[in-house]
Amino acid sequence: MLAWLGITVLLIIAPRLLFAKASIVPHLVPYNPGVAFIPVFAIYFGPAGVWGAAIASVLGDLLCDIWGPVIVFRAAGWFFAAWFLSQIAHPLRSPKIRSVRRLYLPLIGSIFLASIVSASWAAMGAEMLGLYPFSYTFYISLIHHSIFCVGFGLLLYRLMLADLAVRTPTWESVINYVDRIELSIRLMGVIMLIACLLVLLAAWLFSTIGFGHLPFKPSVIGTSHGVGLEFCIIPLMLLQLIAVFWPDIQLPPPASGQLGNRHYTWSSLLR
């Protein structure tokens, strides 16, 4: 798992360092092609991919001279997005799958929802810090994430499924993982879909009604939507977390002193 963690961090950071001087929104939204690796690593490497996405986000920000609380929001966003992908896309990584084409639509949908999660957390950080309006950084980040995570992510997923998936062990076998519940993937996806669509709608409405322009129009630094947006969006982000942690919410009480077997902790990376 430590090897997978190292690979995840390295391959996500390396492309970003090549474009360290490039940014979409200066000192806030970086140009980072390395995020294309996050979906496939979250799906195939499990905890290593999840923690690796968050660590790579923090290290990348620090190495590219992005400081301040916003790096915490961005890292949290990628952590929750990768966690969601590691669970919702669990059935999509079997090497026994006969038709890969049938998986493209659910995979694209899952990655797009994860991109909304990541973008919303980073945008909320900018909003709460009074740097830029939520809708401005949210939609820009979402477009960036969607292009790389969906476009290049699908290619990486296809390569992984065709070759490495049959050669490498699953992360469950590495840490002797035994799940005590059956994932309610459909319900988990529905909850996330509702939360993300409402975030998209709320961000658009606040931009057009509150500012009178489309979200993509450049905004002046130091402006924000205000407390009204935070009261509207934060509950929706909490609903995102309910979807992310839905399998853990379903865990039955421990029996005979045995704790749950869902390993998204540091201990799982040491095995």
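For the structure, see preceding data.
All figures in this text were calculated on a predicted structure; none of them were measured in a lab.

Concerning the environment of Val117
- Mapped onto the elements of the fold, Val117 is located in helix H5 (residues 101-128).
- If we skip the residues at most four places from it in the chain, Val117 touches Gly77, Phe80, Ala81, Met192, Cys196 and Gln240.

Side note on empty space enclosed by the protein
- As enumerated under the stated definition, the model contains 1 cavity of 30 Å³ or more in all.
- In this structure, the largest cavity occupies an estimated 170 Å³ of space.
- Surrounding the largest cavity, 20 residues form its lining, Pro30, Asn32, Arg74, Trp78 and His145 being those nearest its centre.
- Residue assignment for the lining of the largest cavity shows that the elements contributing at least two residues are helix H1 (2-18), strand S2 (29-30), helix H3 (47-63), helix H4 (70-88), H5 and helix H6 (134-167).
- No other element matches the 4 residues that H6 contributes to the lining of the largest cavity.

Structural notes on the pattern of salt bridges
- For the coordinates displayed, the defined rule picks out 2 salt bridges.
- Salt-bridge contacts for Arg16 lead to Asp61; the nearest nitrogen and oxygen are separated by 2.5 Å. Taken as a pair, Arg16 in helix H1 and Asp61 in helix H3 lie far apart in primary sequence, 45 residues in all. One exposure class covers both Arg16 and Asp61, and it is buried.
- We note a salt bridge from Asp61 to Arg74, for which the minimum N-O separation is 3.1 Å. Remark: Arg74 occurs in helix H4 and Asp61 occurs in helix H3; sequence separation between them is 13 residues.

Quick word on the environment of His225
- Mapped onto the fold, His225 is located in the loop between helix H8 (185-211) and helix H9 (227-244).
- Overall, the relative accessible area of 15% leaves His225 in the buried class.
- Between the C-alpha atom of His225 and that of Ser207, which follows or precedes it by 18 residues, the distance is 7.8 Å.
- Not counting residues up to four positions away in its chain, the partners in contact with His225 are Glu127, Pro133, Phe134, Ser135, Phe206, Ser207 and Phe211.

Focus on the side chain of Thr8
- If you trace the backbone, Thr8 turns up in helix H1.
- In this structure Thr8 comes out as buried when scored by relative accessible area, which is 0%.
- Among residues more than four places away in sequence, those in contact with Thr8 are Phe41, Phe45, Ala48, Gly49, Gly52 and Ala53.

Concerning the packing of H3 against H4
- Close contact between H3 and H4 brings their axes to 8 Å; oriented N to C, the two are set at 160°. Between H3 and H4, the crossing angle belongs to the class labelled roughly antiparallel. Considering only the axes of H3 and H4, their crossing is right-handed. Every residue of H4 that contacts H3 at Gly49, Val50, Trp51, Ala53, Ala54, Ser57, Val58, Asp61 and Leu62 is listed here: Ile71, Arg74, Ala75, Trp78, Phe79, Ala82, Trp83 and Ser86.
- Among the residues forming the contact of H3 with H4, the class breakdown is 12 nonpolar, 3 polar and 2 charged.

Focus on the nonpolar core
- Membership of the largest hydrophobic core comes to 69 residues, with the highest contact counts inside it found for Phe84, Phe134, Phe138, Met192 and Ile233.
- Breaking this core down by element, the ones donating at least two residues are H1, helix H2 (37-45), H3, H4, H5, H6, H8 and H9.
- In this view, Ile233 contacts Met124, Phe134, Val199, Ala202 and Ala203; residues no more than four positions away in its chain are not counted.
- In this structure, Ile66, Val70, Ile71 and Tyr136 belong to the second largest nonpolar core, which totals 10 residues.

Rules and cut-offs
- Residues numbered from 1 in each chain as written.
- Predicted model: local features only at pLDDT ≥ 70, side-chain atom pairs only at ≥ 80, totals over all residues.
- Heavy atoms only, no water.
- Helix = DSSP H or I, 4+ residues; strand = E, 2+ residues; numbered from the N terminus.
- Contact = heavy atoms within 4.5 Å.
- 1 Å grid on protein atoms, 1.4 Å probe; cavity = no way out; pocket = protein on both sides within 12 Å on 5 of 7 lines; lining within 4 Å.
- Points joined across faces, edges and corners; volume = space filled by probe spheres on them.
- Salt bridge = Lys/Arg side-chain N within 4 Å of Asp/Glu carboxyl O.
- Buried < 20%, exposed > 50% of the residue type's maximum accessible area, 1.4 Å probe, protein only.
- Axes fitted to C-alpha atoms, helices over the stretch in contact; angles between N-to-C directions.
- Parallel < 35°, antiparallel > 145°, perpendicular 65-115°, else oblique.
- Left-handed = near helix turned anticlockwise from the far one by under 90°.
- Nonpolar A, V, L, I, M, F, W, Y, C, P; charged D, E, K, R; others polar.
- Core = buried A, V, L, I, M, F, W, Y, C linked by side-chain atoms within 4.5 Å.

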